[in-house]
Amino acid sequence: MKTKGRRKHRLTGARFPSPGTAPGTLRPPDWPSTSPTQVTIIDYGPDHLVERKVQSFEDILEFRDTPSVTWINIEGLHDVELLRSLGQAFGFHPLTLEDVLNCGQRPKLESYGPYHFMVLKSLRLREELEMEQISFFLSGNYVITLQEIPGDSFEAVRQRIRQGKGLIRKAGPDYLAYALIDALIDEFFPVLETYGERIEELESDLVLRPSPSYLRTVYRIKRELLVLRRTAWPEREVINALQRDDSQLIHPETQVFLRDAYDHTVQVIDMIETYRDLAAGMLDVYLSSTSNRMNEIMKVLTVISTIFIPLNFIAGVYGMNFDPQRSPYNMPELEWRFGYPVVLSLMASVAIGLILFFRNKGWFQSSEDAEVEKAERRQEVARMVEAAKGHGDSAGSAGSGG
């Protein structure tokens, strides 16, 4: 599936450096770029807000040492020279820049003294699960985010900054980092709700119309849920490490909010595990449904075969070449005037009798109808028991009153 300005993300097998490449080597991603790298800066404080699209690298340097909070957002990773200049200007280790460009990183947190480097994932679910790596640099007065492709999940955070809602304009860069991380964690919930709806629909289809085509969908859901699990667990550890961070980059006031984000990741992991169990159980549902369907088919064939067995016996007996002229014991029915209608009537009587017998035994009921009938019988028995108890109680009351 191709979308404008986006690439289809592989869930596994992301590009890494070739074996033997020197550490810190910066190479652009191997997918084609459909748009140039875009850099936007938001510099804000309680009483001011500056939002600007960067035209040159010198525009970034203007906001490097401002006393206010600066958010530098870079969309697109093909401009390697820009990233190299950014690392030199802000003192980033070459290994962190290499991790930014190698987009198969596991979510993680690394502390480099004056700054933290983080890797998280952004999720989108269309026909398939798409995943994008988001890299963070958090320092004393700025947050730098680097994205693989244009478009992100941070527009709500931008609106809060522009409108001055909440604490974001009054807090520091650590609170901004928390807001951005929380926006990425919240992406899990609509994705998981969609998986829940798909699983419910699949369960109904597997019970009513089991088909091998549904198995491919089940295996794809299991695979994508496994990818979500491999993403959510390390992201929980990242937030837990930030929550317990003893450096000066994370203030105690922000750690309280990080605790709430940690609770969200726990909820996400619980939902993922629940849906994984449901997806694993759908294979058993499919096997059970196909087995029940085969049992219904075999039951019908067995009933038909059972009905025709005595008919074949009768036809076989009267198909023997005995001569009634030789002996009165050699099938005298062959000389009867109405012998043929009698035999046909006998066959019809045997068939109808067997059908009535099987119907009385409940062999013509489907498994669902049989379960419904059993449930109705249990309810009827329960009502009779309750009525008997009520009659006994009333009789006992009358006896005690007498």
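As shown above, the structure is provided for reference.
Parameters and conventions
- Position numbers for residues start from 1 in each chain and track the written sequence from start to end.
- Local features in this predicted model are restricted to residues whose pLDDT is 70 or higher, and side-chain atom pairs enter the listing and the counts only when it is 80 or higher, whereas totals over whole chains, interfaces and linings include all residues.
- With hydrogens and water stripped out, all remaining heavy atoms of the structure feed into the side-chain values.
- Pairs of strands are assigned from DSSP output, requiring at least two bridges between the strands.
- What counts as a helix is a DSSP run of H or I of at least four residues, what counts as a strand is a run of E of at least two, and both are numbered from the N terminus.
- Interaxial angles span 0 to 180 degrees and are taken between N-to-C directions of axes, which are lines fitted to C-alpha atoms, for helices over the stretch in contact.
- Residue burial is assigned from relative accessible area. The probe radius is 1.4 Å, only protein chains are included, and a residue is buried under 20% of its type maximum, exposed over 50%, and partly exposed in between.
- Between the rings of Phe, Tyr and Trp (Trp by its six-membered ring), a pair exists once the centres lie within 6.5 Å; its type follows the angle of the planes, with under 30 degrees stacked, over 60 edge-to-face, and the other angles tilted.
- Charge-over-ring contacts are defined here by two conditions on Lys NZ or Arg CZ: a distance within 6 Å of the ring centre and an angle within 35 degrees of the ring normal.
- Whether two residues are in contact is decided by their heavy atoms: any pair within 4.5 Å suffices.
- Helix span is expected to be 1.5 Å times the residue number reduced by one.
- Bend is computed residue by residue as the angle between axes fitted to the seven residues ending at the residue and the seven residues starting at it.
- For this classification, Asp, Glu, Lys and Arg are treated as charged, while Ala, Val, Leu, Ile, Met, Phe, Trp, Tyr, Cys and Pro are nonpolar and the rest, including Gly, are polar.
- Patch definition: residues above 30% relative accessible area lacking any salt bridge, with like charges linked at up to 9 Å and the nonpolar side chains Val, Leu, Ile, Met, Phe, Trp and Tyr linked at up to 5 Å.
- All accessible areas in this document rest on Shrake-Rupley with a 1.4 Å probe, and a residue is counted as covered only by the protein chains that are shown.
- Only one rule defines a salt bridge in this text: a Lys or Arg side-chain nitrogen within 4 Å of an Asp or Glu carboxyl oxygen.
- The term nonpolar core refers to a set of buried residues drawn from Ala, Val, Leu, Ile, Met, Phe, Trp, Tyr and Cys, joined through side-chain atoms within 4.5 Å.
- Positive: Lys, Arg. Negative: Asp, Glu. His and the chain ends are not part of the count.
- Every charge is mapped onto a representative atom, which is NZ of Lys, CZ of Arg, CG of Asp or CD of Glu.

Student: I would appreciate a short explanation of the sheet that holds strand E7 (residues 142–147) in the present structure.
Tutor: Whether parallel or antiparallel, the strands of a sheet pair through hydrogen bonds between backbone atoms. Pairing in this open sheet of 7 strands is mixed, and the strands run E2-E1-E3-E7-E6-E5-E4 from one edge to the other. Since the sheet does not close on itself, it has two edges, and those belong to strand E2 (49–53) and strand E4 (108–111), each with one partner. In this sheet, adjacent strand axes meet at a mean angle of 15 degrees when their direction is disregarded. Sheet analysis places strand E3 (residues 69–75) next to E7, joined by 6 bridges and oriented parallel.

Student: I would appreciate a short explanation of the environment of valine 343 in the present structure.
Tutor: Of note, valine 343 is situated in helix H9 (residues 339–361). Its relative accessible area of 15% is what places valine 343 among the buried residues. Counting along the chain gives 29 residues from valine 343 to isoleucine 314, while the straight-line C-alpha distance between them is 8.0 Å.

Student: Explain the packing of aromatic side chains here, please?
Tutor: The description of an aromatic ring pair rests on the distance of the ring centres and on the angle between the ring planes. Within the structure shown, the criterion is met by 11 aromatic pairs. Measuring from ring centre to ring centre gives 5.9 Å for tyrosine 115 and phenylalanine 137, while their planes differ by 55 degrees; the resulting arrangement is tilted. Here phenylalanine 137 lies in strand E6 (residues 129–138) and tyrosine 115 lies in the loop between E4 and strand E5 (116–125), a separation of 22 residues in the sequence. The exposure classification of tyrosine 115 matches that of phenylalanine 137, with both residues buried. Members of the aromatic cluster, each reached through a chain of ring pairs, are Phe90, Phe92, Tyr112, Tyr115, Phe117, Phe137 and Tyr142. Between arginine 198 and the ring centre of tyrosine 195, over which it is positioned, the NZ or CZ distance is 6.0 Å.

Student: Explain the environment of valine 100 to me, please; I cannot follow it from the model alone.
Tutor: Note on placement: valine 100 falls in helix H3 (residues 94–101). A relative accessible area of 2% places valine 100 in the buried class. Here valine 100 is in contact with Leu77, Phe117, Gln133, Ser135, Phe137 and Leu146, once residues within four sequence places are set aside.

Student: Just to check I follow, could you spell out helix H8 (residues 252–317) for this structure?
Tutor: Count 3.6 residues to each turn of an α-helix, and residues three or four apart come out pointing the same way. A rise of 1.5 Å per residue sets the reference length of H8, with its 66 residues, at 98 Å; its end C-alpha atoms lie 97 Å apart and thus fit the reference within 8%. The principal kink in H8, of about 25 degrees, is found at isoleucine 309, preceding the proline proline 310 by one to four residues.

Student: Would you mind going over the packing of helix H4 (residues 155–163) against helix H5 (residues 173–186) with me for this structure?
Tutor: Two quantities define a packed helix pair, namely the angle between the axes and the distance from one axis to the other. Viewed as axis vectors pointing N to C, H4 and H5 meet at an angle of 145 degrees, and their least axial separation amounts to 9 Å. Contacts from Val157, Arg160 and Ile161 of H4 reach H5 at Tyr175, Leu176, Ala179, Leu180 and Ala183. Taken together, the residues of the contact of H4 with H5 sort by class into 7 nonpolar, no polar and 1 charged.

Student: Explain a nonpolar patch on the surface here, please?
Tutor: Side chains of Met294, Ile297, Met298, Val300, Leu301, Ile304 and Phe308 sit close together on the surface and give an oily, nonpolar patch of about 640 Å² of accessible area. Looking at the secondary structure, you find methionine 294 in helix H8.

Student: Please clarify how the nonpolar core should be interpreted in this entry.
Tutor: Inside soluble globular proteins, nonpolar side chains tend to come together where they are buried. Ranked by size, the top nonpolar core spans 30 residues in total, and within it Phe136, Val157 and Leu176 carry the most contacts. Listed by contribution, the elements that provide at least two residues to this core are strand E1 (38–44), E3, E5, E6, H4, H5, helix H7 (212–243) and H8. At 10 residues, the largest contribution of residues to this core is made by H5. In this structure, valine 157 is in contact with Trp71, Ile168, Leu176, Ala179, Leu180 and Ala183, ignoring residues within four places of it in sequence.

Student: What's the story with the pattern of salt bridges in this structure? I'm lost.
Tutor: Opposite charge on two side chains allows them to pair when their charged atoms are near. Using the criterion set out here, one finds 12 salt bridges in the structure. Residue arginine 84 is joined to glutamate 81 by a salt bridge in which the shortest nitrogen-to-oxygen separation is 2.8 Å. With arginine 84 and glutamate 81 both in helix H2 (residues 80–90) and 3 residues apart, the pair spans about one turn of that helix. One salt bridge connects arginine 276 with glutamate 273, and the closest N-O pair in it is separated by 3.8 Å. Of this pair, arginine 276 and glutamate 273 are both found in helix H8, 3 residues apart, which corresponds to roughly one turn of the helix.

Student: What is the right way to look at the pairing of E7 in this model?
Tutor: For a regular strand, side-chain orientation follows a simple rule: the groups alternate between the two sheet faces. Taken across its 6 residues, E7 has 6 buried, putting it largely inside the fold. Residues Tyr142, Ile144 and Leu146 point to one face of E7 and Val143, Thr145 and Gln147 to the other, with burial holding for every one of them. As defined by bridge partners, E6 adjoins E7 across 5 bridges and the pair is classed as antiparallel. Looking at the pairing, isoleucine 134 lines up with glutamine 147 of E7. Counting the residues in the hairpin turn of E6 and E7 gives 3 residues.

Student: Would you mind going over a negative patch on the surface with me for this structure?
Tutor: Taken together, the side chains of Glu193, Glu197, Glu200 and Glu201 define an acidic patch exposed on the protein surface. Structurally, glutamate 197 can be placed in helix H6 (residues 188–208).

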